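# Reading the structure
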Amino acid sequence: MKYGDESPDLGYKATNSLTLNEGTIQNSETVNADLTLPSPGATGSLSANKDLVIDWVSPTITNITSTTANGIYGIGDVIVIETTFSEDLVYLGDHRVYFEIGENDAFSGNATLTGNKVTVSYTVEAGHQSNDLTVESVWSAETHDAAVNLIDGRVPNGKNLSDNKDIVIDGVIPTISSIDLSEDNAFVDITFSESVFNTEEGIGALALDAFDLSLSGGTAHTPEVTSVSTTAGEGLAGGEITVRVNFSTTGTADGSETLQVDLVATAVYDVAGNAADADQTANNTVTLNDKALPTISSLSLASNNSYVDVTFSEAVYGDTNGALETGDFILLLSGGTATSPVVTSVSTTAGEGLSGGETTVRVNFSTTGTGDGTETLEVDLAAAAVSDAVGNEADADQTSNNTVTLIDLIPNVTNVTSS
């Protein structure tokens, strides 16, 4: 016999099937034997006398399908695969069904056998992906038919799982792919790697409690999500890729704060029911914009009341050539004998010209009359005249750290005597 031979009841083809290879069959009297055989299937023929089955043909795959409904399946979901062979199998050994699910093929080996059908259960694992689940091959070193012919695991065209079913595998969890902060720090647009929902059934809109915001550094703190919407400001319906998260903070951002966006556990899912990780590890931070206005933080008066060094909370600039000018400061005097303060010039504390970006500015001024030590000098700013590096304009009316008492420069009689 050779591979490929098969017969349900071994017999010969015709009455003249018995031939000799240049030999003879004779009796003791050297009479040649009559080589004519009984008619095939007749009394005395091989098939009439014996039941010999010849099977040297491997069982082949005739169809692959699934009892699992068409749909999208995520991590942990189980897909039941049925492979039908050309004949009954009598032994199921190490049996594997290989699937095309991305860069690395996967297989399922937990199989059961019923007649000519082998059933396996395939569990979707993290990283598995397929737009139409397809069997690449079936392998076994032991599964065979009654004649111990091992199976042929090649899948015929038109009989694959993908030909019979529409099963999509999504073993990738949704993640934050980018965030975009508004100029006024009022909202952040969060873009996900895929459409997101609030239930593992892949339906429902995200709620504001799906997001966990935190701030580090700077002056603003305690971020709180106030609402969520589309980027057009409309309500969410579920299935959005980009979600606008409106939030507030305690304190005004000075531009050194890092906003981190994480998610609440089991609050964000994709359409396959894969839950996003609560702790996002990439693409989930942004630096808040500097919205802190420059303010006067301290004043230092010259001992002769000729100038006051004005220190700001940050580097400041003017609205023309970048440097502050005399008209950017407004001086007021109340009480005492000195009146009508006039800014005569501005400079660095070393007496040099300003170039912009100074933190401390020397404001030289004069008064009408001499200070008697009871005057209060108030330093305010011209409207829209002083700003920081990003253009935040200082308030004209400063409310703290902007007053100083003039020094008493009027001579007094301290002693009277006689010789």
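See the structure printed just above.
Conventions we followed
- Numbering of residues starts from 1 in each chain and follows the order in which that chain's sequence is written.
- The predicted origin of the model limits local features to residues at a pLDDT of at least 70 and limits the giving and counting of side-chain atom pairs to 80 or more, whereas totals for whole chains, interfaces and linings rest on all residues.
- The side-chain values count all of the structure's non-hydrogen atoms but skip hydrogen atoms and water molecules.
- Put simply, DSSP H or I for four residues or longer makes a helix, DSSP E for two residues or longer makes a strand, and each gets a number counted from the N terminus.
- Residue exposure (1.4 Å probe, protein chains only): buried if accessible area is under 20% of the type maximum, exposed if over 50%, otherwise partly exposed.
- Pairs were defined over the aromatic rings of Phe, Tyr and Trp, the Trp ring being its six-membered one, requiring ring centres within 6.5 Å. Orientation was assigned from the angle between planes: stacked under 30 degrees, edge-to-face over 60, tilted for the rest.
- Strand pairing follows a simple DSSP-based rule, namely that at least 2 bridges must link the two strands.
- Here an axis means a line fitted to C-alpha atoms, over the contact stretch when the element is a helix, while the angle between two N-to-C directions is reported on a 0 to 180 degree scale.

Before going further, it helps to examine unusual backbone geometry. One non-glycine residue, Asn-305, lies in the positive phi region at around 60 degrees. With respect to the helices and strands, Asn-305 occurs in the loop between β20 (296-301) and β21 (307-316). Among the residues examined, Asn-305 registers a relative accessible area of 8% and is labelled buried. The phi angle at Ser-340 is positive, at roughly 50 degrees, despite the residue not being glycine. Mapped onto the fold, Ser-340 is located in strand β23 (residues 339-347).

So, about the packing of aromatic side chains. For the coordinates displayed, the defined rule picks out two aromatic pairs. The interplanar angle of 50 degrees and the centroid separation of 6.4 Å between the aromatic rings of Phe-312 and Phe-329 together place this pair among those described as tilted. Residue Phe-312 is located in strand β21, and its partner Phe-329 is located in strand β22 (residues 329-334); the two are separated by 17 residues in the primary sequence. By the burial criterion, Phe-312 is buried, and Phe-329 matches it.

Moving on, we get to the sheet that holds strand β26 (residues 403-405). Sheet architecture is open: three strands sit in the order β22-β25-β26, paired in antiparallel fashion. At either margin of the open sheet sits one strand with a lone partner, and together these are β22 and β26. Shown here is a sheet whose adjacent strand axes are inclined to one another by a mean of 25 degrees, direction ignored. Note: β22 against strand β25 (residues 376-381), six bridges, orientation antiparallel. Its bridge partner being in β25, Ile-330 is matched across the sheet by Asp-380.

Our next topic: the pairing of strand β24 (residues 358-368). As defined by bridge partners, β21 adjoins β24 across six bridges and the pair is classed as antiparallel. When the sheet's bridge partners are listed, Tyr-307 is paired in β24 with Asn-364. Note: β23 against β24, six bridges, orientation antiparallel. The residue bridging Ser-345 from the neighbouring strand is Asn-364, located in β24.

Our next topic: the sheet that holds strand β6 (residues 95-99). The strand order β7-β6-β11 describes an open sheet built from three strands, whose pairing is antiparallel. Each end of this open sheet is capped by a strand with a single partner; those strands are β7 (106-108) and β11 (135-140). Strand-to-strand twist across the sheet, computed as the mean angle between neighbouring axes with direction ignored, equals 25 degrees.

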